[in-house]
Amino acid sequence: MNHDHPLDRRAFLRVGSVGLGAVLLGACRASTPPVAAPGSSSTSAPSPTTSAAAPVTSSATDGLPGFDEFASTVRVLADDELWLVESSGIPSHNMMVGITSWQQQVPIPQPYSGANAWQIPARPTLAATPISAKTSLYRGAIALAVNGVPIFNALNNRGDDAYLAGELDQWGGHSGRADDYHYHIAPLHLQSIVGNTKPIAYALDGFPLYGTTEPDGSAVTGLDEYNGHFDAPGRYHYHGTRTYPYINGGLRGVVHVAGDQVDPQPVTRPFRPDGTALGGATITAFKATGQDAYRLEYSLADHTGLVEYTIEGAAVRFVFTDPTGPVRTETYTRTGT
Ligand SMILES: [Zn+2]
Ligand SMILES: [Zn+2]
């Protein structure tokens with residue numbers, strides 16, 4: 001029996017009601033045509049057919065340092081071979097402000113829980129053949145920040161540097177076609193919360209990603225092309241950097257890849273027609289205006305446009321105020337949330 005198949009992994013999970021039945025594809029589709037038609041409920045996951053994972057013989061005991069700093073919004077469940085991380089994908093810091101290349105997507109909480117939780121290998125293992133993010137892993141997340149926000153490849157689907165292209169906000173994130181907020185560079189600002197001693201993220205191969213210093217505060221030296229290196233005891237870890245590759249520049253640990261993304265990983269489902277690039281627009285303000293209600297403000301040709309939206313159960317109601325004046329309202333129903 002192949003133990004990497006999501007359905008088979010169910011047998012290994014002993015935490016609550018978490019099962020991994022219908023794990024489907026997620027992707028950053030902020031910049032490229034969608035794989036699935038707008039409004040379709042999901043993209044079918046190819047069946048994993050290979051497993052490179054080493055046999056697991058001991059139990060993880062140490063928890064996941066870093067996530068504990070966000071325990072009020074991020075839940076970590078332990079399992080023999082995986083950590084399961086549940087979050088809404090919405091950080092406590094502000095979002096969207098500073099984006100100058102905007103696809104008109106906005107942040108909406110995501111159901112990263114239960115069978116759709118993030119999976120972090122509890123005992124990461126070095127792969128015989130590491131995977132470079134320069135040429136691979138253009139779809140989906142490659143790491144998870146300790147505040148529960150996924151981190152995608154620093155290169156967008158066209159292979160361009162998303163940060164240099166103006167696609168990211170002041171915190172290194174933006175929203176994809178499922179209105180799913182995610183980073184494309186290391187959230188180095190989390191270091192001010194977790195300190196030097198804890199990781200700011202974990203790559204999806206399970207190896208931790210620290211900020212711009214070593215856990216003891218000393219300077220980082222000798223990073224490999226994946227932005228990682230070994231510490232004195234011989235443990236591998238990554239670092240965030242202020243220039244490319246910004247985050248883990250690939251995965252040196254064992255993962256399963258299907259459809260150019262780490263698999264399985266949580267699915268995000270678009271629920272409205274894809275946004276298009278709004279040339280010349282700059283996002284100038286964003287704030288929560290109530291429970292699951294937000295207001296985004298942008299400037300375009302010296303006029304101000306607004307996107308105000310409210311999430312009520314499965315319904316998402318938008319009020320768009322065009323910079324030239326017209327107002328329109330749209331309501332969508334999310335499926336699978
Ligand atoms: Zn993206
Ligand atoms: Zn280091």
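Nothing here was measured: the structure is a model prediction, and the numbers come from that model.

1. Observations regarding the overall build of the protein chain
Per the secondary structure count, the protein chain includes two helices and 20 strands. The buried share of the protein chain, reckoned over its 337 residues, is 42%. In the protein chain, the proportion of contacts linking residues at least 24 apart, taken out of those at least 6 apart, comes to 63%.

2. Thoughts on the pairing of strand E12 (residues 236-239)
Two faces make up the sheet, and in a regular strand the side chains alternate between them. Here E12 shows no split at all, with Tyr-236 and Tyr-238 on one side and His-237 and His-239 on the other all buried. As judged from the two bridges shared by strand E10 (residues 208-210) and E12, these two strands associate in the parallel manner. Its bridge partner lying in E12, Leu-209 is registered against Tyr-238. Counting the residues between successive antiparallel strands, the hairpin from strand E11 (residues 228-230) to E12 contains five residues, one of them, Gly-234, with a positive phi of roughly 90°.

3. Comments concerning the pairing of strand E3 (residues 118-121)
On E3, burial covers both faces: Trp-118 and Ile-120 on one face and Gln-119 and Pro-121 on the other are all buried. With four bridges connecting them, strand E2 (residues 82-86) and E3 associate as antiparallel partners. Along E3, the bridge assignment pairs Leu-84 with Gln-119.

4. Observations regarding the nonpolar core
In terms of nonpolar packing, the biggest core is built from 70 residues, with Ile-142, Ala-143 and Leu-144 touching the most fellow members. It is strand E5 (residues 141-145) that provides the largest number of residues to this core, a total of five residues. Once residues within four sequence positions are removed from consideration, Leu-144 is found in contact with Val-85, Trp-118, Ile-120, Pro-150, Ile-151, Ala-201, Tyr-202 and Leu-204.

5. Considerations on the confidence of the model for the protein chain
Residues shown with low pLDDT carry predicted positions that ought not to be read at fine detail. With 81% of its residues at a pLDDT of 70 or more, the protein chain has an overall mean of 86. Here residues 29-62 is modelled with pLDDT under 50, and outside its nearest four sequence neighbours on either side it reaches 64 contacts, counting other chains as well.

6. Description of the sheet that holds E3
Read from one edge of the open sheet, three strands run E1-E2-E3, paired in antiparallel fashion. Taken across any chain shown, the strands that pair with only one partner, and hence form the sheet edges, are strand E1 (75-78) and E3. Averaged over neighbouring strand pairs, the angle between their axes works out to 25° when direction is ignored.

7. A look at unusual backbone geometry
The step from Tyr-244 to Pro-245 runs through a cis peptide bond, and the omega angle for that step is 10°. With omega at 0°, the peptide bond leading from Asp-263 into Pro-264 counts as cis. With respect to the helices and strands, Pro-264 occurs in the loop between strand E15 (261-262) and strand E16 (282-290). In this structure, Asp-292 takes a positive phi of about 55° despite not being glycine. Following the sequence through the fold, Asp-292 ends up in the loop between E16 and strand E17 (293-300). Although it is not a glycine, Ala-301 sits at a positive phi angle of roughly 50°. Within the secondary structure, Ala-301 sits in the loop between E17 and strand E18 (303-312).

8. Details of the environment of Pro-199
Position of Pro-199 relative to the elements: it lies in the loop between helix H2 (191-194) and strand E9 (201-203). On the basis of neighbour counts, which here come to 26 C-beta atoms within 10 Å, the residue Pro-199 falls in the buried class. Here the alpha-carbon distance between Pro-199 and Phe-67, two residues 132 residues apart in the chain, equals 8.6 Å. Residue contacts for Pro-199: discarding those within four places in its chain leaves Pro-65, Gly-66, Val-146, Pro-208, Leu-209 and Tyr-210.

9. Describing the sheet that holds E18
Strand order in the open sheet formed by five strands is E16-E17-E18-E19-E20, and the pairing between neighbours is antiparallel. The strands lining the two open edges of the sheet, one partner per strand, are E16 and strand E20 (327-333). Each neighbouring strand pair of the sheet contributes to a mean axis angle of 15°, computed without reference to strand direction. In the sheet, E16 pairs with E17 via seven bridges, with the strands oriented antiparallel. Within E17, the residue paired with Ile-283 across the bridge is Tyr-298.

Reading the values: the criteria
- Residues numbered from 1 in each chain as written.
- Chains lettered and ligands numbered in written order.
- Predicted model: local features only at pLDDT ≥ 70, side-chain atom pairs only at ≥ 80, totals over all residues.
- Helix = DSSP H or I, 4+ residues; strand = E, 2+ residues; numbered from the N terminus.
- Buried ≥ 20, exposed ≤ 12 C-beta atoms within 10 Å, placed from the backbone.
- Contact = placed C-beta atoms within 7 Å.
- Pairing = 2+ DSSP bridges.
- Core = buried A, V, L, I, M, F, W, Y, C linked by C-beta atoms within 7 Å.
- pLDDT = per-residue confidence, 0-100.
- Axes fitted to C-alpha atoms, helices over the stretch in contact; angles between N-to-C directions.

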